[in-house]
Amino acid sequence: QTVVTGTVKDNKGVPAIGATITEKGLKNSAVTDVNGKFKINLKGKSGVLTISYIGYKAQEVTVGASGDVSVTLAEDLNKLNEVIVVGYSSKQASQLSSSVSVISGNKLRDVTSNNLVGLLQGKAPGVVVSSASGDPSSGASILIRGASSISASTSPLVVVDGNIGGTYNPTDVESVTILKDAAATGLYGSRAANGVIIVTTKMGKSGLTKIDINSVVGFNNATFGNFHLMNSQQLYEYQKTFLNPDPSLLKNNTNWLDLAFRTGITQNHTISASGGSDKTQFYVSGNYYKEQGTLIDNAKTAYNLRSNLVTNLSDKIKLSVLLNTIYTKDNNPTNLFTGNALYDAYLSMPFDPAYNADGTPTDGRTYPGWVGRDKENFLHGLQYNFANAKSLNTSGDFNIDYAITKHLSFATYNRVTLYNYRDETYYDTRTKDGGANSGELYNSNSFSSTLLTSNRLKYDNSFGNHNLSLLVVGEGQKFHYEDQYLNGKGLPAGSPVMSTATDIISNPSGGVDEYNFRKYLGQADYNFAGKYFLVGSYVHEYSSRFGSNNPSGNFYQGGASWILTKEDFMQNVKAINFLKLRVSYGTTGNAEIGNYAALGLYSIDQSASYNGAPGSYPSQKVNPNLTWEKMKTANLGLDFGLFNRIDVNIDVYQKTSSALLFKKPLPATSGYNYVFENIGSVRNRGLEINVNSRNLIGAFKWETNFNIAFNRNKVLSLDAGELTASPGASLPIAVGHDMNDWYMPIWAGVDPANGKPLWQKLVTDANGNVTKQVTSVYSEASASKQFTGSSASPKFTGGITNTFAYKNFSLSTFFNFVYGNQVYNDSRVYFDNDGLYDSYNVMVPLKSWTRWQKPGDIATEPKAIQGGNNNSNATSSRYLENGSYLRLRNVTLGYQLPQSWLNSLKIRTARIFVSGDNLVTFTKFTGVDPEVDLSPSPDNIGNKGISSFKYPISRKILFGVNVGF
Amino acid sequence: CKKVEPSTAIDENVALGDSSHIATATIGVYAVLRNPDYVRSGHFLMEYPGDNIAQGQASSDDLSRCYRYNQIPTGTHATNFWKQAYHLIAAANKIIAVIPDNASQASKQLKGENLYLRAMAEFNLVRIFGRPYTQGNGSNPGVPILKENSTDIAPARSSVKEVYDAVLADLLKAADLMSSSNPNVYASKEVAYALLSRVYLYMNDNANAIKYAGLVINSGRYNLLQGGDYQNYFSGVPENNKETIFCIKHTKTQDQGFSAIGSMYYSGQGPDGTSSLTTPGGQGNTGWGEIYASRTFVEDLNKYPNDLRHSFIAPYTIAGVLQYNQKLTPNTPMYYITKYSFQEGIVTLSSPVYLRLAEMYLNRAEANAKLGNSQQAIDDVNIIRARAGIPNLTLADVAANGVLAAVLEERRLEFAFEGQRAYDLFRNNLPMVRNYPGTHALNNTPTTNIMQTVLPTDARVVFFIPQTEIDNNPKLTQNP
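Parameters at a glance
Residues numbered from 1 in each chain as written. Chains lettered and ligands numbered in written order. Predicted model: local features only at pLDDT ≥ 70, side-chain atom pairs only at ≥ 80, totals over all residues. Heavy atoms only, no water. Pairing = 2+ DSSP bridges. Helix = DSSP H or I, 4+ residues; strand = E, 2+ residues; numbered from the N terminus. Axes fitted to C-alpha atoms, helices over the stretch in contact; angles between N-to-C directions. Domains from an automatic or database assignment. Contact = heavy atoms within 4.5 Å. Buried area = accessible area lost by both parts, 1.4 Å probe. Salt bridge = Lys/Arg side-chain N within 4 Å of Asp/Glu carboxyl O. 1 Å grid on protein atoms, 1.4 Å probe; cavity = no way out; pocket = protein on both sides within 12 Å on 5 of 7 lines; lining within 4 Å. Points joined across faces, edges and corners; volume = space filled by probe spheres on them. Nonpolar A, V, L, I, M, F, W, Y, C, P; charged D, E, K, R; others polar. Polar contact = N/O pair within 3.5 Å; in protein donor to acceptor, adjacent residues only side chain to side chain. Buried < 20%, exposed > 50% of the residue type's maximum accessible area, 1.4 Å probe, protein only. Arc of directions from axis to C-beta. Phe/Tyr/Trp six-rings, centres within 6.5 Å; stacked < 30°, edge-to-face > 60°. Lys NZ or Arg CZ within 6 Å of the ring centre and 35° of its normal.

## Observations regarding the sheet that holds strand β4 (residues 37-42) of chain A
Residues and elements named next belong to chain A.
Working step 1: Strand order across the open sheet formed by three strands is β4-β1-β7, with mixed pairing between neighbours. The open sheet has two edge strands with one neighbour each: β4 and β7 (68-72). For this sheet the average axis-to-axis angle between neighbouring strands, irrespective of direction, equals 25°.
Working step 2: Both strand β1 (residues 2-9) and β4 contribute to a ladder of six bridges, which runs antiparallel. The partner of Thr2 across the bridge, within β4, is Leu42.

Here it is in structure tokens:
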């Protein structure tokens, strides 16, 4: 037996802590200590050690006579060797036949946020993230490769640590993998029509314990873009053109937006410890996140604890226990309550004073001569009113991997996810909101549990150059939800607890919701000599959500790829260091609709009661044939590497979904508002390009990542003979059109003769010829709706990140962009209303806008008339605006403290940085911000592409420190 | 695996499976009626085109268009009402279909109630979306008729006359099937009679209007409330009201708050919430308070300062000084309307009254006036006047303007804000003259006489068929 000692350093000469030294061919290993030193007892005879260290190329050394080994590792710049978690397995990137994007945890966390989806914005081609609100407690929505559902959700399936669903905090994320085509999403195929996001949380590595502390503190401010509200003088001058405002109104000039928004503080602190022995590894972390919204009194606070433990019970059995708990508290979240601050901040009149002489907020109800429509000063209500939401989200995973034989293994992955939610909203009796009922309190509670078991049998073997793996999975998921809701009125001032209520406002309510899924699947994965790859799979899944006739769906997927650079004929092409072709085809499904959409129902809830007696009424039309929405996806991909410097991925795809789940509107004479049906077909075609380029690799390093995606959407067919799915809607979903093509009366400007609004009117003559005329009668215009030739869908989206490093300094800049979409600026209905709302403030018109004043004027804005000018602000293309933008999402400047300083302090690593989020946005949009929800949930579909009373996004400046021991 | 079922709904086959479930489903039809989309939107459509109210300021709500006669095909309230009314009819139809005409008395009662509810919904639809019966004797387009067991979910419009005929047939059969025992928050024999009286009156079938009014008056089930009881007509417990024939009951836990009908008419004193009928407050305290009693209505009422009907409006005063809305020129005095407030002491709670005994007297009076039975008409008018505490009329008093004018003026004062006024004028081919300050004068449609006069032939006397319904039912034709 020989004892070998040694030192491992990285390419900068810094000791590599936690590098693994393995005796070649044996299960004998050791780990370097804090000084990069190791000691290993050789058991075999080869005398060869393999040294591996994350981010560096593995290196083999032969032990010399001295028994002392010193190794300097080379950085591994080849992303193709990264191991990617896909489906039910992990693979090297080079071996995939499918279209995936991987974002490492560090790349993800440049922007400071507690919302993973928001962090993905602009990071991967074809992944469109949009968020309608700057409220830190609200989320973002995500759309992968275009929308292909109408009434079912378009959100991707989230898989955390190998199982559907689960919880995670962005700080614990090791990597995010986005699966886009059928071959990749295959095993989740039954529910993967919208793509899959695989979140992998961090694991410990055997070796010395590492402790990391990350801390960020900064300031956020609201951004209002090109949007400005009038001050008193401007509003007075404007109103003088159509009514007689009292000049005494000018004695006040209140800037309500200023009063409603503030500089908020964001804090994000994480401490984690990881490490372990050969047998057992652990990762534990705690995180505190607090973001004060820029809207006064709005904040999000989150506490996160994660503990990941992996232990080898024997050579054959590995046990993983993953626990995560997240406690979140939202103060005055806008989905629950704003104290009307957001709405009133925009619409309140500058003529009304915010404060009394004694400094207390005025009460709009009693203040003499208050002109604002709603008689409300939100500052008055906010003294006493509040809302908060608390949630506790916990998941526990219990996984066993059992190697039955050398080639056959069994795994069982089991998870319990529990969710508890409680909110309260209080309106004090002293305020406008609570005055009518002498104080109001609303409480709601909900609880949900999701139980999931996934059991997998896997066979792996190699026969010469033939490598084969087979997988069989059986999976079941059961969801249960229950909630209660109650309210009270008649509460003494300042007593926001239910026990002080003297009566109820409405009866308590609540209910139970459930669904089940059961799935069986098989997959075969074959490769020849690491050169040719084939993968095929088949999935059968049952869902309780579908009709009794068709609750199950069958799905299949296949993919193939070829690494050309492994062929002899490519060996002489030095410029191309890697070249691979990929092709895949398959079907995936979508079941994301309500839990009981197929049933014929009579509602028995309170809405069915009369005079205190319980009743029932027909509430949903039956459809026993309702079944899975299915999508066929073809993907052709090309990956290549040039000069070992530039990696490019190009994908083209076609997704055609059919049997679309659709909430089909019915005429009221049917007795119902809608019925759920499977109708029609929608196609998305697109091109995605991702480029990683190491432009400079010397002392001064410069790396660029650029991604761009083009998607074209087209409705191919609908129900027999129907041309539009939602006739009359602004986004009607029409055959031959993009699902998001705008359809509305077309604005034709202002009549020079009289200042009236004009719209196009379609007139059909006796011969059936349609001509376009103009009208100032809105009912004629609304009978002449047309496609505007513009769409809420962007023509392309993407992001570009540049990273620069010199010595200990690093700088990164990240832009994201959205181009070619039109946004309906709904706020202009209120802010640009031509006199309709004389008790709301209005926006300062753009310089290019002109107001009609006298006959002959060629103007963009109709004559202002008290009470409005002929419905001039009713829905039309007048308020459709260019939604393109380019946003500097993040700039981070970092400084790595020199190792020489740190060694004496026993500090492994230390970095300080300053970071700015959302610093600049370039756009022509006249509203607060052009970013709108491009893929809202089905319940909220009416908000797609619409900007209305936006909670502005925050510009943040943050200061941070990362220290590792 | 256990079948997954919702907790707040039951299978449609179970819901009509036996008589107790059918009774529950009938309660459900009243609940569909009680929905704000029917009650509140319907109120805006029926009352706001009248001349008893004035809107004090431009509102962001589509209700302004109901008031200003500048409706659009996508109007919120017409859409709400149309949808909810047909949902009600469809729900009733399912029950009507499963109860045979020779069922038990209890089942026949349920069938009768559903027939009544269907008739009421269809009558309201045809008077909102179809031109007055008296124009062209019902030959204009009405609304689709939905019958039980019909499989056509997207029928075309029937004529006004066909709809009236269907309404009459349902009401007559309903009266036949029902007993007289149900409280006034449900349908009963007399409720059907009372609506028959109104429907015949709208059809100018005056003999039948008199006949059915008489059947209700003579049933002895109802009394005109007197004195203080009358003044508190709308603030008591609805079932205890001896004058109400049918109202749409809202329990204390179904208060609609700022979304109540009464919220548009009244705002109590704040901020402590201790408002009462006699202590109105500024706008925005307990309600929006932006629809006032019109100046001409107040002037008419003020002819007799002791008229008890002053109790149904409440001048907003501060230190005894009447307040004016400054947003209109000339400024509008703020007389709040209280017919939809303070049921059981809750400021915005009300159970809107659809039929009450006073209408039977004045239906009979109007029918008699048109038949030339002037003295009988005046006698009935005087019953209502006496109850209001104002002097009787004589034939000589009304000689100048005619008996019908006197009846209509009494109807105006008695049924103000109850959704009757526009129909009273238009069915009698009279113009709506709105000669008072209000936002109706701001932006009129080209066909209305400038400022104030809406002719009964004006296109906008009826609402547009909701655009979404036309989009989903190509057989529906739009009103001009």
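## Thoughts on the sheet that holds strand β1 (residues 9-11) of chain B
Working step 1: Here three strands make up an open sheet; going across it, the order is β31(A)-β30(A)-β1(B) and the pairing antiparallel. Each edge of the sheet is formed by a strand with only one pairing partner; in this case those strands are β31 (617-620) of chain A together with β1 of chain B. Ignoring strand direction, the axes of neighbouring strands in this sheet form an average angle of 45°.
Working step 2: Here strand β30 (residues 601-603) of chain A pairs with β1 of chain B via three bridges, running antiparallel. Across the sheet, Tyr602 of chain A pairs through a bridge with Ile10 of chain B, a residue of β1 of chain B.

## What to know about the domain arrangement of chain B
All names here are of chain B.
Working step 1: Per the domain assignment, the segments of chain B are domain 1 (12-184 + 460-472) and domain 2 (255-350).
Working step 2: Relative to domain 2, the C-alpha centre of domain 1 lies at a distance of 30 Å.
Working step 3: Taken together, the contact between domain 1 and domain 2 spans 16 residues of the former and 19 residues of the latter.
Working step 4: Regarding the contact of domain 1 and domain 2, the summed buried area is about 1,500 Å², with carbon and sulfur atoms giving 55% of it.
Working step 5: Among the residues domain 1 hides against domain 2, the three largest losses belong to Arg40, Gly56 and Gln57. Together they make up 34% of the total.
Working step 6: One can count zero salt bridges joining domain 1 with domain 2.

## A look at empty space enclosed by the protein
Residue and element names in this part refer to chain B.
Working step 1: Scanning the model with the defined rule gives 18 cavities of 30 Å³ or more in all.
Working step 2: In terms of lining residues, the largest cavity is bounded by 21 residues, among which Met46, Pro352, Val353, Tyr354 and Glu418 are the most central.
Working step 3: Of all elements in the fold, only α3 (36-47), α6 (105-129) and β11 (353-356) reach the threshold of two or more residues within the lining of the largest cavity.
Working step 4: With five residues, α3 is the single largest residue contributor to the lining of the largest cavity.
Working step 5: Partitioning the lining of the largest cavity into residue classes produces 11 nonpolar, five polar and five charged.
Working step 6: Lining the second largest cavity are 19 residues, with Arg127, Gly130, Pro132, Tyr423 and Val461 sitting closest to its centre.
Working step 7: Taken together, the elements giving at least two residues each to the lining of the second largest cavity come down to α3, α6 and α16 (421-427).
Working step 8: Looking at the lining of the second largest cavity, the element that brings in the most residues is α16, giving four residues.

## Here we look at the interface of chain B and chain A
Working step 1: Across the contact, 74 residues belong to chain B and 75 residues belong to chain A.
Working step 2: For the pair chain B and chain A, the two sides together bury roughly 6,300 Å², of which 54% comes from carbon and sulfur.
Working step 3: It is Val4, Ile153 and Thr253 of chain B that lose the most area in chain B upon contact with chain A, and together they represent 10% of the buried surface on that side.
Working step 4: Our count for the contact surface shared by chain B and chain A stands at one salt bridge.
Working step 5: One salt bridge in this structure joins Arg373 of chain A and Glu290 of chain B, with 2.4 Å as the shortest N-O distance.
Working step 6: Counting the contacts that link chain B with chain A gives 20 residue pairs in polar contact (both at pLDDT 80 or more).

## A few points about helix α4 (residues 232-239) of chain A
Working step 1: Looking only at α4 of chain A, the buried set comprises Ser232, Leu235, Tyr236, Tyr238 and Gln239 of chain A. Taken end-on, α4 of chain A shows its buried residues confined to a sector of 165°, consistent with a single buried face.

## A look at the packing of aromatic side chains
Each aromatic ring pair is summarised here by two numbers: the centre-to-centre distance and the angle between the ring planes.
Working step 1: In this structure the tally under the stated criterion is 67 aromatic pairs over all chains.
Working step 2: Their ring planes at 85° and their centres at 5.5 Å tell us that Phe234 of chain B and Phe312 of chain B sit as a pair that is edge-to-face. Taken together, the residues span a long stretch of sequence, with Phe234 of chain B in the loop between α10 (227-231) and β3 (244-247) and Phe312 of chain B in the loop between α12 (295-301) and β5 (313-315) at a distance of 78 residues.
Working step 3: When its relative accessible area of 4% is taken as the criterion, Phe312 of chain B is described as buried.
Working step 4: An aromatic cluster is defined as three or more aromatic residues linked by ring pairs; in this entry it consists of Phe227, Tyr343, Tyr346, Tyr830, Phe831, Tyr837, Tyr840 and Phe949 of chain A.
Working step 5: Here the guanidinium or amino end of Lys630 of chain A rests over the ring plane of Phe555 of chain A, the centre of that ring lying 5.1 Å away.
Working step 6: Its end group placed over the ring of Phe312 of chain B, Lys339 of chain B keeps NZ or CZ at 5.2 Å from the ring centre.

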